[in-house]
Amino acid sequence: MNNIPPPIIQNPKSILNAAVIVAALGYFVDIYDLLLFGIVRTDSLKDLGITGDAVRNQGEYLISMQMFGMLFGGILWGILGDKKGRISVLFGSILLYSVANIANGMVTTVDGYAFWRLIAGIGLAGELGAGITLVAESLPKDKRGYGTMIVASVGVSGAVAAYLVYQFFQDWRLCYYAGGGLGILLLFLRISISESGMFKQIQQSDEKKGDFLSLFTNSKRFSKYLQCILIGVPLWFLVGVLITFSPEFAKALGVQHAETIAAGKAIAFCYSGLVIGDIASGLLSQWLKSRKKIMCLFLISNLIMVFVYLNAYGISVSTFYLLCFAMGVSVGYWVLFVTIAAEQFGTNIRATVTTTVPNFVRGSLPLIILIYSFFRDRLFDGDILKSGMIVGSLLSIVSLLALWKLKETFHVDLNYSESNDETFI
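For clarity, every value in this text was computed on a predicted model and none was experimentally measured.

**Quick look at the overall build of the chain**
Part 1 of the argument: Tallying secondary structure elements over the chain gives 17 helices and 2 strands in all.
Part 2 of the argument: Since a compact globule built from 425 residues should have a radius of gyration of about 22 Å, the 20 Å found for the chain is in line with a globular shape.
Part 3 of the argument: C-alpha atoms of the chain, sized along the principal axes, occupy 60 × 40 × 35 Å.
Part 4 of the argument: Long-range contacts, defined here as pairs at least 24 residues apart, represent 85% of the contacts in the chain between residues at least 6 apart.
Part 5 of the argument: Approximately 15,800 Å² of the chain is accessible, and the part contributed by carbon and sulfur atoms is 66%.
Part 6 of the argument: The distance from the centre of the 32 positive side-chain charges to the centre of the 28 negative ones in the chain is 6 Å.

Structure representation (structure tokens):
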């Protein structure tokens, strides 16, 4: 690896610097939009004339379109982040998903809805990776975990805000307009932050920047990249399937008054727990000076909660929502997952990795749904509970194996480039 001349770090002693604040607020709006569809899914589709089982089927279709957009957008914004800068991506993505949010509130057909969920997905793909990269490069290594923890914990609370906004307006279209407006207001904060010092240094060098294909041309680099993706997949299965389709699971479990279970409320409870989990995992990793140990703890907790959730027969509605909260706490490793990705690679490709990894995890949802549907429809004759336990177990085993192969990155100095075949593996 090639060392880069020491960058000028802005406000090195302050965890709450401008980069952290703007990245946290940007991720807040990002999560608001990302989870808003899950909250308004049923009501919005019914308003468009969709009824019966088609609500579930069309919901899966729209989520898949959003995730396909995030897959494409993750690559696009990641490359631009390393070529043009973290800040340009941070605000370009916010502008795109803000416009898409407003357009979502104007749709009149499912196809139109799908198109704008696709565009929103492309926009949503850039904010988190650019924000985490900027924060990780703007803070010294003994504080960057605190910075990314703040970004993640503030950001995921956007899901709770989306639910509260929907409860206030009781109109799914107004909720989309509100999200778009918040994003546009956030753009005015751009003047308060400056570009990463590490990026400025490497921008002046001859290093090849944002080379996405280089992640696949070196076996060690590709293996590390794939492992970074795999450790995050169980979280998105829990949120994208078990929580998003919580009304269906509540009915299968025989939850008392299951017809009153609302996906939006389940998402709000889950993400409230996720905020707590993100803070806990971030603090624990700083105190124990280890990303891997805490990540392992949360992956195991996640698997346990999947089994608890899918075997909670006949519980009350309030207990069901409390269980959704506990599920959220168990997957509060999102901050660690993204931080690990940022710390695994050099400055000249860090934004590409940190942006594509979480979006490949999010974008894996269509594949997860296909696998889940295969077990549900082909092997277990429609039994969604057994299917959920099998898929949850498989994903957790794979993620634990991937984590085992990754190197600890807590003490890694990020000021290097990924220009030759040997990094710090």
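Still to come is the rest of the account.
**Points about the pattern of salt bridges**
Part 1 of the argument: As enumerated under the stated definition, the model contains 10 salt bridges in all.
Part 2 of the argument: Linking R117 and D33 is a salt bridge whose minimum nitrogen-to-oxygen distance equals 3.4 Å. One end of the pair, R117, is in helix α4 (residues 110-138); the other, D33, is in helix α1 (residues 18-47), with 84 residues separating them in the sequence. Across the pair, exposure class does not vary: R117 and D33 are buried alike.
Part 3 of the argument: Here the salt bridges share partners, and the residues they tie into one network are D82, R86, E137 and R350.

**Structural notes on the domain arrangement of the chain**
Part 1 of the argument: Domain boundaries assigned for the chain yield domain 1 (14-197) and domain 2 (211-411).
Part 2 of the argument: A separation of 19 Å is found between the C-alpha centroids of domain 1 and domain 2.
Part 3 of the argument: Taken together, the contact pairs 47 residues of domain 1 with 49 residues of domain 2.
Part 4 of the argument: Carbon and sulfur atoms make up 68% of the area that domain 1 and domain 2 hide from each other, which totals about 4,000 Å².
Part 5 of the argument: For the pair domain 1 and domain 2, the interface holds 4 salt bridges.
Part 6 of the argument: The shortest N-O distance in the salt bridge between R362 and D30 comes to 3.5 Å.

**Considerations on unusual backbone geometry**
Part 1 of the argument: Phi angles above zero are rare outside glycine, and Q170 is one such case at about 55 degrees.
Part 2 of the argument: Here Q170 is to be found in the loop between α5 (144-169) and α6 (172-186).
Part 3 of the argument: By relative accessible area, which is 52% here, Q170 ends up exposed.
Part 4 of the argument: At K289, a position not held by glycine, the phi torsion is positive, near 55 degrees.

**A look at helix α8 (residues 219-230)**
Part 1 of the argument: Relative to the 16 Å expected for 12 residues at 1.5 Å per residue, α8 spans 16 Å between its end C-alpha atoms, a close match to the ideal helical length.
Part 2 of the argument: Of the surrounding elements, those touching the buried residues of α8 are α9 (233-243), α14 (334-343), α15 (350-363) and α17 (384-405).

**Quick word on the side chain of S98**
Part 1 of the argument: Following the sequence through the fold, S98 ends up in helix α3 (residues 86-104).
Part 2 of the argument: Within the structure, S98 has its side chain in polar contact with the backbone oxygen of I94 (distance 2.6 Å).

**Remarks on the packing of aromatic side chains**
Part 1 of the argument: All chains considered together, the criterion is met by 21 aromatic pairs.
Part 2 of the argument: Their ring planes at 85 degrees and their centres at 6.3 Å tell us that Y113 and Y176 sit as a pair that is edge-to-face. Separated by 63 residues along the polypeptide, Y113 in helix α4 and Y176 in helix α6 bring together distant segments of the chain.
Part 3 of the argument: The buried category is assigned to Y176, whose relative accessible area is 0%.
Part 4 of the argument: Judged by centre distance (6.2 Å) and plane angle (70 degrees), the rings of F320 and Y321 are edge-to-face.

**Topic: the packing of α9 against α17**
Part 1 of the argument: The geometry of α9 relative to α17 is characterised by a closest axis approach of 8 Å and an angle of 155 degrees between their N-to-C directions. The orientation of α9 with respect to α17, classified from their angle, is roughly antiparallel. From α9, V233, P234 and F237 reach across to α17, where they touch G388, V391, G392, L395, S396 and S399.
Part 2 of the argument: Among the residues making up the contact of α9 with α17, the classes are represented as 5 nonpolar, 4 polar and no charged.

**Digging into empty space enclosed by the protein**
Part 1 of the argument: A complete count under the given rule lists 2 cavities of 30 Å³ or more for this structure.
Part 2 of the argument: Surrounding the largest cavity, 13 residues form its lining, L34, L35, I63, M67 and T244 being those nearest its centre.
Part 3 of the argument: Elements with a minimum of two residues in the lining of the largest cavity: α1, α2 (54-83) and α9.
Part 4 of the argument: The element best represented in the lining of the largest cavity is α1, accounting for 4 residues.
Part 5 of the argument: Along the lines of polarity and charge, the residues of the lining of the largest cavity split into 9 nonpolar, 4 polar and no charged.
Part 6 of the argument: Looking at which domains feed residues into the lining of the largest cavity, each of domain 1 (14-197) and domain 2 (211-411) supplies at least three.
Part 7 of the argument: Its volume calculated, the second largest cavity comes out at about 40 Å³.
Part 8 of the argument: Surrounding the second largest cavity, Y27, I31, V156, L235, W236, Y271, L274 and W334 form its lining.
Part 9 of the argument: A domain-level breakdown of the lining of the second largest cavity finds at least three residues from each of domain 1 (14-197) and domain 2 (211-411).

Criteria and cut-off values
- Residues numbered from 1 in each chain as written.
- Predicted model: local features only at pLDDT ≥ 70, side-chain atom pairs only at ≥ 80, totals over all residues.
- Heavy atoms only, no water.
- Helix = DSSP H or I, 4+ residues; strand = E, 2+ residues; numbered from the N terminus.
- Rg over C-alpha atoms; globule rule 2.2 N^0.38 Å.
- Contact = heavy atoms within 4.5 Å.
- Areas by Shrake-Rupley, 256 points an atom, 1.4 Å probe, with all protein chains shown as cover.
- Lys, Arg positive; Asp, Glu negative; His and termini not counted.
- Charge placed at Lys NZ, Arg CZ, Asp CG, Glu CD.
- Salt bridge = Lys/Arg side-chain N within 4 Å of Asp/Glu carboxyl O.
- Buried < 20%, exposed > 50% of the residue type's maximum accessible area, 1.4 Å probe, protein only.
- Domains from an automatic or database assignment.
- Buried area = accessible area lost by both parts, 1.4 Å probe.
- Expected span 1.5 Å × (residues − 1).
- Polar contact = N/O pair within 3.5 Å; in protein donor to acceptor, adjacent residues only side chain to side chain.
- Phe/Tyr/Trp six-rings, centres within 6.5 Å; stacked < 30°, edge-to-face > 60°.
- Axes fitted to C-alpha atoms, helices over the stretch in contact; angles between N-to-C directions.
- Parallel < 35°, antiparallel > 145°, perpendicular 65-115°, else oblique.
- Nonpolar A, V, L, I, M, F, W, Y, C, P; charged D, E, K, R; others polar.
- 1 Å grid on protein atoms, 1.4 Å probe; cavity = no way out; pocket = protein on both sides within 12 Å on 5 of 7 lines; lining within 4 Å.
- Points joined across faces, edges and corners; volume = space filled by probe spheres on them.

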